Amino acid sequence: MAHAAVSALDLGSEKLLLQFFPEPVRLQLLYKVPHRGFKMSDFISKFDQEGRFVVIVYLESGTMKGGYMSKRPGFYCQEDRGAFVFEIDHQISNVFPVVNHRNSIIFNKEKIGFGDCLNIYSNKDKTLCVDVGSDDTYTPTDWSYEYEVPFMDVELHRIQSVGDVLLNPWRELSWTEKGRGSLRKNLVSFKPACQSLNQVRVLLMGPPGSGKSSFINSVRSVMFGRVLLLPFIGTATKGFIKKLKSYDIRSERGGKPTALTLCDVLALGDGETTGLTLPDALAVIKGHAPEGHKFQSDAPIKAETSGYRPNPSVNDQIHCAVFVLNACQVMTTSEDLTETLRTLQAEISDLDIPQVVLLTHVDQVCHAVQEDVKFVYSSRILQEKMQKAAEVVGLPVSYVLPVKNYSSELSVSCNTDILLLSAVHHILQAVDDTFEDYCPPTPADASPVTGICSASPVQCQSSPVFNV
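Residues numbered from 1 in each chain as written. Predicted model: local features only at pLDDT ≥ 70, side-chain atom pairs only at ≥ 80, totals over all residues. Heavy atoms only, no water.

For the protein, an unreviewed UniProt entry supplies the name Interferon-induced protein 44-like and the organism Salmo trutta. Entered under Sequence similarities (unreviewed entry) in the UniProt record, the comment concerning the protein runs "Belongs to the IFI44 family." (UniProt positions renumbered as here; feature names shortened; annotations may be inferred.)

This is the structure we're talking about:
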């Protein structure tokens, strides 16, 4: 197993480097040049489309030299009015701001340069080389011209505003292989608190592009250990799913179903004239809608609908309602959609059905989370998005669960799996908490598993949705 790269930057030198910036920032190591198997293309590829970057060269003399880019460079020569080069020699530090903005950054397939002050390139032998010197692009450095200077390490760091990433996460997760295994085992072994409940049916509702179907695909990918390529995933602007479709989550490919079933429906629209209507949503939740029912705005679900269930059982009903919102769009949610969501939330609350919010696409709104989803609960941006999502739906922030769906990847990753499985865990926990209240164990049937209910839905007269 590959070990994560560790920066050679000591705390004292890091403190001196951070003083070059007018605002509080932190460093995030993106790339550490390997001593063997170096490719300049690997180095170049680590620069994101957006961001600020620092390149640090650790010379064998003990001196550090480097350069700062205030934006992601384009190829060839580029103007960067915020660029500077610097030098740190033990406890002495110097910064040299750019003075000739044109061609302040040189960036191509074979070279990264800061004028003639610092150049990092691949020679004809495909070996990493470093040249230092002085020119009129930056404030005079008085650096002597040296070609292929001996160095120990070269690193690329992203500059992050401290305001973007909090020092301490506001929620804790175990970002380890063991943590992933534990969450996966919990899902596989989960049994509903109520014995008369065979499956926990979870309904996903959200506007087009929210990621409902992708979430289902992602959870199944986690369980199978590889990203699934299924035909029901789409990017249609009005939503891809048109009918009620239930997906059993299996423990593995060809394995037994777990107790979780995820249900997908037509996307919500702005108001009652488009998308899933309130009456149809409630019909699905109460268990009246048959599997495979195709939603039509001019044909609401009613007693005459083909396959309509007049007396649905507890296993036909929905046991948790999940609102799915896109983190990229949540701050600009329309008034009509907000009203639709809040009306749904209020109606579902009257049915005593647990509700949560899934906030998807979290990697697309924060650079740190894009790099690694383990920063999701340290991101100030995501914290604000989650607060907005809670406000839009009308639920507490504690009910908002951020996730990253698999979209462009072809293989699963540990931390993405953990975030997805954590969301599933909280959904199942919400269902159990609800049935714990409505279906307490009888003295005769009490067992070590808390919340077991041997009563039938009819006997659970006060249970959620049972009286429909």
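A. Representation of the environment of Thr332 within the structure. Its location among the elements puts Thr332 in the loop between β15 (320-326) and α6 (335-350). Between the C-alpha atoms of Thr332 and Lys388, which are 56 residues apart in sequence, the distance is 9.7 Å. (Helix = DSSP H or I, 4+ residues; strand = E, 2+ residues; numbered from the N terminus.)

B. Broad picture of unusual backbone geometry. The residue Glu148 is not glycine, and still its phi comes out positive at about 50°. Residue placement: Glu148 occurs in the loop between β10 (128-132) and β11 (151-161). We note that His361 has phi near 60°; this positive angle belongs to a residue other than glycine.

C. Representation of the sheet that holds strand β16 (residues 355-360) within the structure. The 6 strands are arranged β13-β14-β12-β15-β16-β17 in an open sheet whose pairing can be described as mixed. At either end of the open sheet lies a strand with only one pairing partner, and these are β13 (245-250) and β17 (400-402). When the angles between neighbouring strand axes are averaged without regard to direction, this sheet yields 30°. Sheet analysis places strand β12 (residues 200-205) next to β15, joined by 4 bridges and oriented parallel. Its bridge partner lying in β15, Leu203 is registered against Ala321. Against the sheet, helix α8 (residues 380-393) touches β15, β16 and β17, its axis set at about 140° to β16. (Pairing = 2+ DSSP bridges. Axes fitted to C-alpha atoms, helices over the stretch in contact; angles between N-to-C directions. Contact = heavy atoms within 4.5 Å.)

D. Representation of the nonpolar core. Counting 49 residues, the largest nonpolar core has Met205, Leu325 and Leu359 as its most contacted members. Of all the secondary-structure elements, those providing two or more residues to this core are β12, α5 (278-285), β15, α6, β16, α7 (367-371) and α8. Ignoring any residue separated from it by four or fewer positions in sequence, one finds Leu325 in contact with Pro207, Ser210, Val330, Leu341, Val357, Leu358, Leu359, Thr360, Ala389, Val392 and Val393. Ranked by size, the runner-up nonpolar core spans 39 residues in total, among them Val322, Val356, Leu358 and Tyr406. (Core = buried A, V, L, I, M, F, W, Y, C linked by side-chain atoms within 4.5 Å. Buried < 20%, exposed > 50% of the residue type's maximum accessible area, 1.4 Å probe, protein only.)

E. Fine view of the pairing of strand β2 (residues 52-59). Counting buried residues along β2, 8 of its 8 residues qualify, which places the element largely inside the surrounding structure. Burial along β2 is two-sided: the residues Arg52, Val54, Ile56 and Tyr58 and Phe53, Val55, Val57 and Leu59 are all buried. The sheet contact formed by β2 and strand β3 (residues 64-69) spans 6 bridges and is antiparallel. Bridge pairing in β3 places Ile56 opposite Gly66. The turn joining β2 and β3, which pair antiparallel and follow one another in sequence, is formed by 4 residues; a positive phi near 100° is taken by Gly62.

F. The arrangement of the packing of α6 against α8 in detail. One can describe the packing of α6 onto α8 by two numbers: an axis separation of 7 Å at closest approach and a directional angle of 70°. It follows from the interaxial angle that α6 and α8 lie roughly perpendicular. From α6, Thr338, Leu341, Arg342 and Gln345 reach across to α8, where they touch Glu391, Val392 and Val393. By residue class, the composition of the contact of α6 with α8 is 3 nonpolar, 2 polar and 2 charged. (Parallel < 35°, antiparallel > 145°, perpendicular 65-115°, else oblique. Nonpolar A, V, L, I, M, F, W, Y, C, P; charged D, E, K, R; others polar.)

G. The packing of aromatic side chains, seen in detail. Tallied over the full model, the rule gives 12 aromatic pairs. Look at Phe47 and Phe107: their rings are 5.1 Å apart centre to centre, the planes differ by 85°, and that puts the pair in the edge-to-face class. Of this pair, Phe47 sits in the loop between α2 (40-45) and β2 while Phe107 sits in strand β7 (residues 105-108), and the two are 60 residues apart along the sequence. One exposure class covers both Phe47 and Phe107, and it is buried. Linked through ring pairs, Phe20, Phe21, Tyr68, Phe84 and Phe86 together constitute an aromatic cluster. Here Lys65 stacks its cationic end above the ring of Trp143, 4.0 Å away from the centre of that ring. In this structure, Lys245 is placed above the aromatic ring of Tyr247, and the distance from its NZ or CZ to the ring centre is 5.6 Å. (Phe/Tyr/Trp six-rings, centres within 6.5 Å; stacked < 30°, edge-to-face > 60°. Lys NZ or Arg CZ within 6 Å of the ring centre and 35° of its normal.)

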